[in-house]
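# Structural overview
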Amino acid sequence: MNKDELITLAEQMSIDEYVYDEERGYSTSEGSPSDLAYETARRFQDIQMLPVLMDLLEQTKRLEMKRYFYFMLGTIGMNTGDVRVADLLLERLAQETKPTLIVKVLDELTKQERVDDATDIIKYVEDSRSAIRNSAIDALGSCRGALAEDALIRFITTSTDSFEIMSANFVLATIGTERMIPHLLPLLDHPKGDIRHSALNALSELGDDSFLPLFVKGLEDRSVDVKAYALLGIAKHGDASAIQPIIKRVKTMLKRKRQIQSNEILTAFRFLNRYRQSDKTIPELFDWIIMKRWDVLFDEEQQWLTEYRTSH
C-alpha cells in the first residue's frame, strides 16, 4: 500500500459503527468499516511499508491516526518476525511524549518476537503512570538477557501492587532463567493469591522436579488459582509421590457441581493415567467417578472417561 492508501485505511479504522445482526438479535461491530479495516491491517506483512509508515508517524499530528499506524507497524513485525520493526518501534518510543502513544508503542513491542535492546523499555517499568508501567512490563516479555531480568527482579522485590507483580511474574516465566528462582521463592508466602499463583507458575517454568514438594503443598492453598497452578506444576514435574494428593484434590473438586469450567480435572486425569497400571487406587478413582459423580462432570471430562473406559 502507498501512503494515501494507508491514510485511508487508518481513517476507516476510526469509524466505530455497530451493525444490527437480525440473526443474533443484537448489534455488533462485525462487518463495520472499522472491523473490516482492522482485518485488512492484521494481514500486513510487506516490509516495504516500513519506511512509509515511519514517514507517516513523523508527519502525522493526530493522536488517533498515529495509534493506527503503530498498529500497522507492529502487525508487520508480528507477522514477519523481522527484527527491524522492533528497532523502529524503539526509535519511536524514544521520541513519543504523550502517555497514550507511549503505551501504544510498548503494546506493539509486546507483539514482537524479539526485542534486542531492553534499555528504553526498562525506564518505563518504574514510571509513575500505571498504564505505562503495565505495558512496559508486558513489553519486557519480548526481551531476553540480564538487563530485562534485573529490571523485573527489582520490580517484584520492591513493588506493592499485586496485579503488577503478578504480571511481572508471568513475564519472568517466559524470559527468566534459573537465577530468578531465589527472588520468586519468598513470594510463595505473600498474602495475595495473585502473587502466589504467578510465582508458582514461574517456578514451574524455570525450575525442575526438586520443586515438586512446593507444588504438592500448593494443592492445599486457600486460593483456587494457586491450586490450579500447583496442579500444572505437578503435571510437568511430578512423579508417583503426587498421586494421592492429586486424588484428594479431584475428590474435593467433584463434591458438587462446579459453576466455572477449567482444565484442572482433565490435567489431573492425564497425570493419574500415567500411573494407572502401577497404582490400583487410580482405576478405582475413575470407576467411582463414572458410577457416582458422572453428573457433575463437564462434557470434555465425560468424553475423556468414556475414551478411557473403552480403551481399558
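See above for the structure.
Below, the structure is looked at part by part. (Residues numbered from 1 in each chain as written. Predicted model: local features only at pLDDT ≥ 70, side-chain atom pairs only at ≥ 80, totals over all residues. Heavy atoms only, no water.)

### Focus on the overall build of the chain
Each helix and strand counted, the chain has 18 helices and two strands in total. C-alpha extents for the chain along the principal axes are approximately 70 × 55 × 30 Å. Considering only contacts in the chain between residues 6 or more positions apart, those separated by 24 or more positions represent 64%. Positive and negative side-chain charges of the chain, numbering 40 and 51 respectively, have mean locations separated by a distance of 6 Å. (Helix = DSSP H or I, 4+ residues; strand = E, 2+ residues; numbered from the N terminus. Contact = heavy atoms within 4.5 Å. Lys, Arg positive; Asp, Glu negative; His and termini not counted. Charge placed at Lys NZ, Arg CZ, Asp CG, Glu CD.)

### Considering the pattern of salt bridges
Oppositely charged side chains can form a pair if their charged atoms are brought close together. Taken as a whole and judged by the stated rule, the model has 20 salt bridges. Residue R42 pairs with E39 through a salt bridge whose shortest N-O separation is 3.0 Å. For R42, a relative accessible area of 41% gives the class partly exposed. Using a relative accessible area of 36% as the deciding quantity, one classes E39 as partly exposed. Salt-bridge contacts for E64 lead to R67; the nearest nitrogen and oxygen are separated by 3.5 Å. Residue E64 and its partner R67 are both found in helix α4 (residues 63–80); the two are separated by three residues, about one turn of the helix. (Salt bridge = Lys/Arg side-chain N within 4 Å of Asp/Glu carboxyl O. Buried < 20%, exposed > 50% of the residue type's maximum accessible area, 1.4 Å probe, protein only.)

### Brief notes about the packing of helix α15 (residues 243–253) against helix α16 (residues 264–273)
Direction vectors running N to C along α15 and α16 enclose 145°, while the axes themselves pass 10 Å from each other. The two elements α15 and α16 meet at a crossing, and its hand is left-handed. Within the contact between the two elements, α15 uses I243, I246, I247, R249, V250 and M253 and α16 uses E264, I265, A268, F269, F271 and L272. Tallied by class, residues from the contact of α15 with α16 come to ten nonpolar, no polar and two charged. (Axes fitted to C-alpha atoms, helices over the stretch in contact; angles between N-to-C directions. Left-handed = near helix turned anticlockwise from the far one by under 90°. Nonpolar A, V, L, I, M, F, W, Y, C, P; charged D, E, K, R; others polar.)

### Looking at the environment of A235
Examined against the element boundaries, A235 turns out to sit in helix α14 (residues 224–237). With 177 residues separating them in the primary sequence, A235 and E58 have C-alpha atoms 50 Å apart. Setting aside chain neighbours within four positions, we find A235 in contact with T267, F271 and R274.

### Here we look at the side chain of R249
Considering the arrangement of structural elements, one finds R249 in helix α15. On the basis of relative accessible area, R249 is assigned to the buried category, the value being 13%.

### A short note on the packing of α4 against helix α5 (residues 83–93)
The description of two helices packed together rests on the angle between their axes and the distance between the axes. Taken N-terminus to C-terminus, the directions of α4 and α5 make an angle of 150°; their axes are 9 Å apart at the nearest point. On the basis of their axis angle, the class for α4 and α5 is roughly antiparallel. Facing α4, whose interface residues are K66, Y70, L73, G74, I76 and G77, α5 presents V85, L88, L89 and R92. A breakdown of the residues in the contact of α4 with α5 according to their chemical character gives six nonpolar, two polar and two charged. (Parallel < 35°, antiparallel > 145°, perpendicular 65-115°, else oblique.)

### Comments concerning the nonpolar core
Membership of the largest hydrophobic core comes to 100 residues, with the highest contact counts inside it found for M72, L73, L106, L109, I121 and L140. Considering every element that reaches this core, the biggest residue donor is α4, with eight residues. Those residues within four positions of I121 in sequence are excluded, and the remaining contacts are L90, L93, L106, L109, V115, A136, A139, L140 and C143. (Core = buried A, V, L, I, M, F, W, Y, C linked by side-chain atoms within 4.5 Å.)

### Topic: helix α6 (residues 99–110)
With twelve residues, α6 extends 17 Å between its outermost C-alpha atoms, agreeing within 8% with the 16 Å of an ideal straight helix rising 1.5 Å per residue. Of the residues making up α6, those classed as buried are L101, I102, V103, K104, V105, L106, E108 and L109. Elements that come into contact with the buried residues of α6 comprise α4, α5, α7 (119–122) and α8 (130–139). (Expected span 1.5 Å × (residues − 1).)

### Overview of the packing of aromatic side chains
Taken as a whole and judged by the stated rule, the model has nine aromatic pairs. Ring centres 5.4 Å apart and planes at 85° place the aromatic pair F269 and F286 in the edge-to-face group. Here F286 lies in helix α17 (residues 281–292) and F269 lies in helix α16, a separation of 17 residues in the sequence. We classify F286 as buried; its relative accessible area is 0%. Between F286 and W304, the aromatic rings sit 5.4 Å apart at their centres with planes inclined by 65°, giving edge-to-face as the arrangement. Placement of the pair is F286 in helix α17 and W304 in helix α18 (residues 299–311), with a sequence separation of 18 residues. (Phe/Tyr/Trp six-rings, centres within 6.5 Å; stacked < 30°, edge-to-face > 60°.)

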